[in-house]
Amino acid sequence: MSSVPRFWRSIGSRYNLEGTRCKECGEHFYPPRNFCVNCRRVGHIEPYKFKGTGKIISYTIIHTAAEGFEDQTPYTLAIIQLDEGPRLTSQVIGDPEKIHIGMRVRSVFRKLGEDGEGGMIYYGTKFVPEDA
Ligand SMILES: [Zn+2]
């Protein structure tokens, strides 16, 4: 990760849907890249904040959670294609029975879990149905 540009380090990709974009060809990258796979040396990479909307490409309903997440099962883990193009894997909040391929979703910022002993709370991006 030492090659990540300085502008990126201060953004905090885990907390926002922040990636990068190539000004030359318009390709978006998430997780962020500082090198355009299309343009190579002539690419111009800049930070980009995704709108956070997209659709479900595929999904799995998880019935067995990791320790500390038992109260969250069942939950849905989906591959989501952002409107800008990149795909990512994320939890989708909502009734698992209503989730379907092609469903429109949007990102939300939610607590992922907490460490009772240390009091640490972890946050991250999850998705909800777009009309929720
Ligand atoms: Zn490019």
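In this report, we go over the structure that sits alongside the text. (Residues numbered from 1 in each chain as written. Predicted model: local features only at pLDDT ≥ 70, side-chain atom pairs only at ≥ 80, totals over all residues. Heavy atoms only, no water.)

**A closer look at the packing of aromatic side chains**
Going through the model one piece at a time under the given rule, you end up with two aromatic pairs. Ring centres of Tyr30 and Phe50 lie 5.8 Å apart, and the angle between their planes is 90°; this geometry places the pair in the edge-to-face category. Residue Tyr30 is found in the loop between strand 2 (28–29) and strand 3 (45–49), and its partner Phe50 is found in the loop between strand 3 and strand 4 (53–62); the two are separated by 20 residues along the sequence. Here Tyr30 and Phe50 have matching classes, each one buried. With centroids separated by 5.0 Å and ring planes inclined at 80°, the aromatic side chains of Tyr48 and Phe50 adopt a geometry described as edge-to-face. (Phe/Tyr/Trp six-rings, centres within 6.5 Å; stacked < 30°, edge-to-face > 60°. Helix = DSSP H or I, 4+ residues; strand = E, 2+ residues; numbered from the N terminus. Buried < 20%, exposed > 50% of the residue type's maximum accessible area, 1.4 Å probe, protein only.)

**Topic: unusual backbone geometry**
Residues Tyr30 and Pro31 are joined by a peptide bond in cis, for which omega reads -5°. Relative to the helices and strands, Pro31 resides in the loop between strand 2 and strand 3. We note that Arg40 has phi near 55°; this positive angle belongs to a residue other than glycine. In this structure, Arg40 sits in the loop between strand 2 and strand 3.

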